[in-house]
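For reference, the chains in residue letters:
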Amino acid sequence: MELENGLDERKAKILKSIIANYLETGEPVGSRTISKYTDLNLSSATIRNEMADLEELGYIVQPHTSAGRIPTDKGYRFYVDIMMEEKTETEKAQGALLERVDKLENLLKQVAKVLAYNTQYATMVTSPRLLNKTVKFIQLSQVDDEELLAVIVVGNNVARNQLIHVSRPLSNEEVLKFNILLNTFLQGISVDEINLEMMQTMKQQAGEYADILESIFEGIVHAVRDAEEMQIYTSGASNILKYNELSDMSRAQALLETFEDKSGLNQLADEALSSDEKDGIKIYIGDESPVQDMKNYSIITSTYELPEGAKGTIGIIGPKRMDYKKVVSTLKNLTEELDSIFRKNEKRGED
């Protein structure tokens, strides 16, 4: 029976065997190895013919004359798609994967280190980003003659606080008028939709208080956008040098620079957060990577979510022959554990 992309069941089984063997050894795979590796009971000659067909179809390639075959990006993609369709068994680590930590920043740094140690690949973890920035409510209150406290509630009831300096004291009635003006214009609007035209209209409404409104307005936008500034924590970049096919210094240098600069990692995070993949897991193989300096690698990303709705990204970067099943299983376990930690912290905060 022929499967899609020109593969029948026999070719598919031989291709899976080639990839599984190469993932394990990192060495080109020959027909004799496959004849021992599978239960197809085929001769080496028959397997060679099938391998020639697979090479013509673009799933494998022969790196050197008389050498065995290695998977192409297309071959890896076939393997990963089949693997993701299969029900992967959850590998539970002995004991808690993560220790309890109080600060989110410390937790995320620890996640990056634990992942790098457990997988022996390079890892990245981002701080959570608030995706829903719709303003639900704004409350100004007087702190003293020179400062107001602005409480801005956005998205799924996420509150942001900002102290705002004012040029002169305001009465309770004046503060109330500012509250009414701000909520009239901004309630139900995304922070990203706030523009100069809206600001000018509000300043006209404020009249003699236009300068104070501008300070308040800038403080509110600053508070929400500050929360959007994403931090990226990395670990294990040197692990890449352990793999012969990635030990070329120019490639390794390019990856290290990407980890240092982090603009490419920002791009990866944006892709992950916009993904609608099952389980939030996205797999890039070689040229599929959106980051130019990562096209010699495989990348697997997943997302975690805080109870308030903010989302962050976890990514693992390794050779194309990475242990996909282990990495996917590890990421699933990790996101479940993070969800559990966040739920416990939220419950503790409510008690």
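The rules behind each value
Residues numbered from 1 in each chain as written. Predicted model: local features only at pLDDT ≥ 70, side-chain atom pairs only at ≥ 80, totals over all residues. Heavy atoms only, no water. Salt bridge = Lys/Arg side-chain N within 4 Å of Asp/Glu carboxyl O. Helix = DSSP H or I, 4+ residues; strand = E, 2+ residues; numbered from the N terminus. Buried < 20%, exposed > 50% of the residue type's maximum accessible area, 1.4 Å probe, protein only. Phe/Tyr/Trp six-rings, centres within 6.5 Å; stacked < 30°, edge-to-face > 60°. Expected span 1.5 Å × (residues − 1). Arc of directions from axis to C-beta. Pairing = 2+ DSSP bridges. Axes fitted to C-alpha atoms, helices over the stretch in contact; angles between N-to-C directions. Parallel < 35°, antiparallel > 145°, perpendicular 65-115°, else oblique. Left-handed = near helix turned anticlockwise from the far one by under 90°. Contact = heavy atoms within 4.5 Å.

Engineer: Looking at this model, I keep getting lost on the pattern of salt bridges. Mind explaining?
Structural biologist: Should the charged atoms of two oppositely charged side chains come close, the side chains can pair. With the rule as written, the count across this model stands at eleven salt bridges. One salt bridge in this structure joins Glu50 and Lys11, with 3.0 Å as the shortest N-O distance. With Glu50 in helix α3 (residues 44–56) and Lys11 in helix α1 (residues 9–25), the pair connects residues that are 39 residues apart, well separated along the chain. Of the residues examined, Glu50 reaches a relative accessible area of 5% and is grouped as buried. Measuring nitrogen to oxygen at the nearest pair gives 3.2 Å for the salt bridge that ties Glu55 to Arg69. Of the two residues, Glu55 is situated in helix α3 and Arg69 in the loop between β1 (60–61) and β2 (70–71); the sequence distance between them amounts to 14 residues. Ionic contacts of the salt-bridge type, sharing partners, join the residues Asp8, Arg10, Lys11, Glu50 and Asp53 into one network.

Engineer: Would you mind going over the packing of aromatic side chains with me for this structure?
Structural biologist: The geometry of an aromatic ring pair is captured by two quantities: the separation of the ring centres and the angle between the planes. Summed over all chains, the structure comprises five aromatic pairs. Pairing Tyr59 with Phe78 gives two aromatic rings, centres 6.1 Å apart and planes at 75 degrees, and the pair type is edge-to-face. Pair noted here: Tyr59 is in the loop between α3 and β1 and Phe78 is in helix α4 (residues 73–85), with a separation of 19 residues, a long-range link. The residues Tyr59 and Phe78 share a single accessibility class, namely buried.

Engineer: So what exactly am I meant to see when it comes to α3 here?
Structural biologist: End to end, α3 covers 18 Å across 13 residues, agreeing with the expected 18 Å (1.5 Å per residue, within 8%). Taken together, the buried positions of α3 are occupied by Ile47, Glu50, Met51 and Leu54. Projected down its long axis, α3 carries its buried residues within an arc of 105 degrees, all on one side. In α3, the exposed residues that point more than 90 degrees away from the buried face are Asn49 and Glu56.

Engineer: Would you mind going over the pairing of strand β9 (residues 298–305) with me for this structure?
Structural biologist: Consecutive residues of a regular strand have side chains that alternate between opposite faces of the sheet. The element β9 is extensively covered by neighbouring structure, given that seven of its eight residues are classed as buried. The sheet contact formed by β9 and strand β10 (residues 311–318) spans eight bridges and is antiparallel. The partner of Thr301 across the bridge, within β10, is Gly315.

Engineer: What is the right way to read the packing of helix α6 (residues 172–186) against helix α7 (residues 196–206) from this model?
Structural biologist: At a minimum axis distance of 11 Å, the contact between α6 and α7 shows a crossing angle of 150 degrees. As judged from the angle between their axes, α6 and α7 are roughly antiparallel. The interaxial crossing formed by α6 with α7 has right-handed handedness. Side by side, α6 and α7 meet where Leu181, Leu182, Phe185 and Leu186 of the first sit next to Met198, Thr201, Met202, Gln205 and Ala206 of the second.

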